[in-house]
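Below are the chains, spelled out letter by letter.
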Amino acid sequence: MPQMPPAHPFDDDKLREECGVFGVTGVQDAANFVALGLHALQHRGQEAGGIVTHDPEQGFNSARRFGYVRDNFTSTDIMETLPGPLAIGHVRYSTAGAKGAAIRDVQPFFGEFAMGGAAIAHNGNITNADALRRELIERGSIFQSSSDSECIIHLMARSLQRDIPERMEDALRRVEGAFSIVAMTRTQLIGVRDPLGVRPLVLGQIGDGWVLSSETCALDIIGADFVREIEPGEMVVITPETGVESLFPFRRQKPRFCIFEHVYFSRPDSILGGRSVYETRAAIGRELAKESPVEADLVCPVPDSGTPAAIGFSQESGIPYAMGIIRNQYMGRTFIEPTEQIRNMGVRLKLNVNRALIRGKRVILVDDSVVRGTTSRKIKEMILDAGAKEVHFRIASPPTAWPCFYGVDTPQREKLLAATMSEDEMREHLAVDSLKFISLDGLYRAVGEATGRDASCPQYCDACFSGEYPVKPADMIEKGFEMKPAAE
Ligand code: SF4
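Here we look at helix H13 (residues 374-385)
Piece 1. Taking 1.5 Å of rise per residue, 12 residues should cover 16 Å, and H13 covers 17 Å from first to last C-alpha, within 8% of that figure.
Piece 2. Turning to H13, its buried residues number three or more, namely Thr-375, Ser-376, Ile-379, Lys-380, Met-382 and Ile-383. Angular distribution of buried residues about the axis of H13 spans 160 degrees; they occupy a single face of the element.
Piece 3. Gly-387 lies just past H13 and shows a positive phi near 100 degrees.

Focus: the nonpolar core
Soluble globular proteins: nonpolar side chains tend toward being buried together.
Piece 1. One finds Phe-260, Ile-358, Leu-365, Ile-379, Ile-383, Tyr-406 and Leu-435 to be the most contacted residues of the largest nonpolar core, which totals 74 residues.
Piece 2. No other element matches helix H9 (residues 277-291), which puts 5 residues into this core.
Piece 3. When neighbours within four sequence positions are excluded, Ile-379 is seen to be in contact with Val-302, Ile-325, Val-347, Leu-351 and Leu-365.

Regarding the packing of H9 against helix H10 (residues 307-317)
Piece 1. Interaxial distance between H9 and H10 falls to 6 Å at its minimum, and their mutual angle equals 45 degrees. Taken together, the axes of H9 and H10 are oblique relative to one another. H10 is crossed by H9, and the crossing has right-handed handedness. Taking contact as the criterion, the partners of Tyr-278, Arg-281, Ala-282, Gly-285, Arg-286, Leu-288, Ala-289 and Lys-290 in H9 are, on H10, Pro-308, Ala-309, Ile-311, Gly-312, Phe-313, Gln-315, Glu-316 and Ser-317.
Piece 2. Of the residues in the contact of H9 with H10, the class split is 8 nonpolar, 4 polar and 4 charged.

Describing the pattern of salt bridges
Side-chain pairs of opposite charge can arise where the charged atoms are in close proximity.
Piece 1. For the structure shown, the criterion picks out 24 salt bridges.
Piece 2. In this structure, the salt-bridge partner of Arg-139 is Glu-135, at a minimum N-O distance of 2.7 Å.
Piece 3. On the basis of relative accessibility, which here comes to 44%, the residue Arg-139 falls in the partly exposed class.
Piece 4. Measuring nitrogen to oxygen at the nearest pair gives 2.9 Å for the salt bridge that ties Arg-174 to Glu-135. Within this pair, whereas Arg-174 is found in the loop between helix H6 (164-173) and strand S8 (177-184), its partner Glu-135 is found in helix H4 (residues 129-138), the two being separated by 39 residues in sequence.
Piece 5. Within the structure, one salt-bridge network assembled from shared partners comprises Arg-44, Arg-199, Glu-215 and Glu-261.

Here we look at the site of the ligand
Piece 1. Near the ligand lie 13 residues; those nearest to it are Arg-199, Cys-258, Cys-404, Cys-461 and Cys-464.
Piece 2. For the shell around the ligand, the secondary structure elements donating two or more residues are helix H8 (259-265) and helix H17 (463-466).
Piece 3. The dominant element in the shell around the ligand, judged by the number of residues it contributes, is H8, at 3 residues.
Piece 4. Looking at the shell around the ligand residue by residue, the class counts come to 11 nonpolar, no polar and 2 charged.

Observations concerning the environment of Gly-67
Piece 1. Structurally, Gly-67 can be placed in the loop between strand S4 (59-66) and helix H2 (69-72).
Piece 2. Gly-67 sits in the buried class, given a relative accessible area of 6%.
Piece 3. Residues Gly-67 and Gln-46, spaced 21 residues apart in sequence, show a C-alpha to C-alpha distance of 6.5 Å.

Topic: unusual backbone geometry
Piece 1. Residue Pro-108 follows Gln-107 across a cis peptide bond; omega there is 0 degrees.
Piece 2. Along the chain, Pro-108 turns up in the loop between strand S5 (86-92) and strand S6 (109-113).
Piece 3. In this chain, Pro-303 is followed by Asp-304 through a cis amide linkage whose omega measures -10 degrees.
Piece 4. Relative to the helices and strands, Asp-304 resides in the loop between strand S18 (298-301) and H10.
Piece 5. Positive phi is not limited to glycine here, since Asp-29 has a value of about 50 degrees.
Piece 6. With respect to the secondary-structure elements, Asp-29 resides in the loop between strand S2 (19-25) and helix H1 (30-40).
Piece 7. Despite not being glycine, Ala-431 has its phi angle at roughly 55 degrees, a positive value.

A few points about the packing of helix H5 (residues 150-158) against H6
Piece 1. In the contact formed by H5 and H6, the axes pass within 8 Å of each other and the chain directions differ by 115 degrees. You can see that H5 and H6 cross each other, and the crossing is right-handed. Within the contact between the two elements, H5 uses Ile-152, Leu-155, Met-156 and Ala-157 and H6 uses Ile-164, Arg-167, Met-168, Ala-171 and Leu-172.

Points about the packing of aromatic side chains
Piece 1. Tallying each qualifying case throughout the model produces 14 aromatic pairs.
Piece 2. Aromatic rings pair up to connect Trp-402, Phe-405, Tyr-406, Tyr-469 and Phe-481 into one cluster.
Piece 3. Residue placement shows Arg-70 over the ring face of Tyr-68; its charged tip is 4.8 Å from the ring centre.

The rules behind each value
Residues numbered from 1 in each chain as written. Predicted model: local features only at pLDDT ≥ 70, side-chain atom pairs only at ≥ 80, totals over all residues. Heavy atoms only, no water. Helix = DSSP H or I, 4+ residues; strand = E, 2+ residues; numbered from the N terminus. Expected span 1.5 Å × (residues − 1). Buried < 20%, exposed > 50% of the residue type's maximum accessible area, 1.4 Å probe, protein only. Arc of directions from axis to C-beta. Core = buried A, V, L, I, M, F, W, Y, C linked by side-chain atoms within 4.5 Å. Contact = heavy atoms within 4.5 Å. Axes fitted to C-alpha atoms, helices over the stretch in contact; angles between N-to-C directions. Parallel < 35°, antiparallel > 145°, perpendicular 65-115°, else oblique. Left-handed = near helix turned anticlockwise from the far one by under 90°. Nonpolar A, V, L, I, M, F, W, Y, C, P; charged D, E, K, R; others polar. Salt bridge = Lys/Arg side-chain N within 4 Å of Asp/Glu carboxyl O. Near = heavy atom within 4 Å. Phe/Tyr/Trp six-rings, centres within 6.5 Å; stacked < 30°, edge-to-face > 60°. Lys NZ or Arg CZ within 6 Å of the ring centre and 35° of its normal.

And the structure:
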């Protein structure tokens, strides 16, 4: 059986983005464009990927593989089996379903209905999937995978509506949680975002063709123009002949986009909510420098995700920015066995301290987040080994104290350092000279909310920091998850 790529030895100390979706219609050999788009979205999921195409003569075709896009969807053998002007694709790191599971869990999923076939690729997580699955199985549905996303296909099969977009609307009205979906019929490319718009989805144009993508960076790679974001609660049905039809089938709600996309998940060269992700991260660094200044000689990022925030911190504080830690770009797939020994070496394999720069210096290390804290500890040891005089951590997100149930892989709550320790205890645990996180209000200011977080109705989803979940995680509550008690 093909192997999925191994996780980096210390990547379990980051929250892990879920999935990326991409679709295109109205171009020759659409699968090639989808492969390139998925390659640009690889940071959103490295475990597996899949592409479904439709060709007027050859009908639907699909290929689903474990591993990186570049290792699968570049071979002529595979790409020749995916003809046609309409295609969708998906990269995943599983957030629901068994981890490292069978190829049947790899999307896009396909369903054959009376009015024709349809394929769907889902980014997000359905928070009432267990209940839906039970109900569907009781009523005779036969599930093929362990994925929550398959519920959508079965709900569509049971709908009495006449066409596939209407069946999809019907199905999605039953679904709770986060979904950004790219789907296709024989002739239509379909995009849908949940009413809160938790996960991103954008529309692009390439010649006479149209593109849907999780992020704008994947439009750039194929030379498509960014048109706009799909709005929260919007469904678009696209054909090259009729263009983009926009519908709002769900009850309107105030959007709650995932604020962590700005901090870490999205690529820095993407545009989110009209703002450059890179610029937002630099702004987070500036806020952090204002909130938690400290005297030091150097500001160094923990590469690569801490880089824009470190640049912002340096700009605001006037403390020189330096590449105190160098990342080995080629570490990737060399170390397959995640044994304890390799785990212990992990950080050193991937990151090395620039000793000549660090010796005798008071160093500020800027990182995007602290999840379990294991990596932060090792990096601190490496910096001290290299002769640093002081180590100060500045973190570009508030303490991550709650799990995400909307399409991001998070350790269980008790494994999150911030769930069990105060900031002072974390500083002691990491044994650093100081440790400060950006405040929730500071983060909101950095993403463009001048007055900070509206506590009565927050502008974003920030549940992993605040414990305030915009959609009740029904399945998890049934399994014993305890929500934060409502404020008095
Ligand atoms: S809980 Fe955190 S990671 Fe999950 S959607 Fe909300 S802000 Fe994003």
